[in-house]
Amino acid sequence: MGSAAMDTKKKKDVSSPSGSSGKKNNSQKRRSLRVHIPDLSSFAMPLLDGDLESSEKHSRKAELAAAPGPAEAGMLEKFDLEEAEDSESGVYMRFMRSHKCYDIVPTSSKLVVFDTTLQVKKAFFALVANGVRAAPLWESKKQSFVGMLTITDFINILHRYYKSPMVQIYELEEHKIETWRELYLQETFKPLVNISPDASLFDAVYSLIKNKIHRLPVIDPISGNALYILTHKRILKFLQLFMSDMPKPAFMKQNLDALGIGTYHNIAFIHPDTPIIKALNVFVERRVSALPVVDESGKVVDIYSKFDVINLAAEKTYNNLDITVTQALQHRSQYFEGVVKCSKLDRLETIVDRIVRAEVHRLVVVNEADSIVGIISLSDILQALILTPPGAKQKEPETE
């Protein structure tokens, strides 16, 4: 098997989306929150992480708005809220504990899988061709999934082996995935971080943030099949669909400054005339996923993300990394609506709505002069909403 794009079909006979069972103590006072479940079939996206071209994305939004609901549209889901001091603050945490990863796997989706014997170059071209950002790696000898190939690997290869526009990157042209993994990982091989479809969404968020990863494969523990790849973006979008039907915690009305959510010190950024190779160096050394582009006056004018780097493969221009960021961004494959920004005075509810609607992975926090103040990412938001909500009692995940 070289590369394979598989359509994964979701079973229809799902019992309870909450997957919660257990005996209730009648002597303990509980109140039930009735949550209206919208049409989950309209939530299903054809590509991983919603990575669609602009025209497809806008038509998809129109489809979501007009899609008629099936039998599930009027379904009411219940989950218990303990009458405790933190019942309001921990509402999102308990909601995520009561739903499984399976609940947000699309009815039908595309999953690209690479065999580790595939050439690295062909693998990255396949990512571009299929419009995905990552793919599980299958090792035939072990008959199991052993890792993930992501855009970060592409960046690490370019960063490690690029010399000049006159020297071909042999390692990218000739190496197989397994060769790259042996050279790069060497003695640091770690088991693939994955999750069962029956695990809670709380556990998924915990695993993503604890392991500092952006892609979490959902693998059936019985068959060993990969079903889907969970991301921060999809999980937050799922939660936001139900927010209007849940009590709104007080901290959602607080602003970023009061909550202290985000990064506000030692922010990594670049300039319009920064060479691509220097930007790649920053990605690797600072371990960040995006770099705000700041002009001479300190104003944020653009943003260069890891996803933009894959355009080098799409355009086959990775042999010349001495071009500037501005030149590289002229070849964006998707329509760019501008840098999505926010202020430290914006409320958390505004932040959540803005980042979900814009379908981005972070917001650039700016001041009145449009100068960069900080960055707030999807990880920061999920951490605050689910793992450590202000005022809620903290609990360890059920599974890791």
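Above this note sits the structure.
Quick caveat: nothing in here was measured; it's all calculated off a predicted structure.

Undergrad: Describe helix α7 (residues 201–210), with residues and values.
TA: Burial analysis of α7 places 9 of its 10 residues in the buried class, the great majority of the element. L201, F202, D203, A204, V205, Y206, S207, L208 and I209 are the residues of α7 that are buried. Packed against the buried residues of α7 are α2 (91–97), β7 (216–219), β8 (226–230), α8 (232–243) and α15 (378–387). K212 sits one or two positions beyond α7 and adopts a positive phi of about 55°.

Undergrad: A description of the sheet that holds strand β12 (residues 362–366) should follow, citing residues and the corresponding values.
TA: As summarised here, the arrangement of the 3 strands in space is β11-β12-β13, forming an open sheet in which the pairing is mixed. Both outer strands of the open sheet, β11 (341–342) and β13 (372–377), are each paired with one neighbouring strand and no more. By the bridge criterion, 2 bridges tie β11 to β12 in an arrangement that is parallel. For C342, the partnering residue across the bridge sits in β12 and is V365.

Undergrad: Hey, could you go over the pattern of salt bridges for me, with residue numbers and the actual values?
TA: Note on pairing: side chains with opposite charge can pair once their charged atoms come close. In total, this model carries 8 salt bridges according to the counting rule given. The salt bridge partner of K248 is E349, with a shortest N-O separation of 2.7 Å. Within this pair, whereas K248 is found in the loop between α8 and α9 (256–259), its partner E349 is found in helix α14 (residues 348–358), the two being separated by 101 residues in sequence. For K248, a relative accessible area of 42% translates into the label partly exposed.

Undergrad: Talk me through unusual backbone geometry; I want residue IDs and the actual numbers.
TA: The phi angle at R287 is positive, at roughly 55°, despite the residue not being glycine. Assignment of secondary structure puts R287 in the loop between α10 (276–286) and β9 (290–294). Given the relative accessible area of 69%, R287 is considered exposed. With phi around 55°, E359 is a residue other than glycine that occupies positive phi space. Relative to the helices and strands, E359 resides in the loop between α14 and β12.

How each quantity is defined
- Residues numbered from 1 in each chain as written.
- Predicted model: local features only at pLDDT ≥ 70, side-chain atom pairs only at ≥ 80, totals over all residues.
- Heavy atoms only, no water.
- Buried < 20%, exposed > 50% of the residue type's maximum accessible area, 1.4 Å probe, protein only.
- Helix = DSSP H or I, 4+ residues; strand = E, 2+ residues; numbered from the N terminus.
- Contact = heavy atoms within 4.5 Å.
- Pairing = 2+ DSSP bridges.
- Salt bridge = Lys/Arg side-chain N within 4 Å of Asp/Glu carboxyl O.

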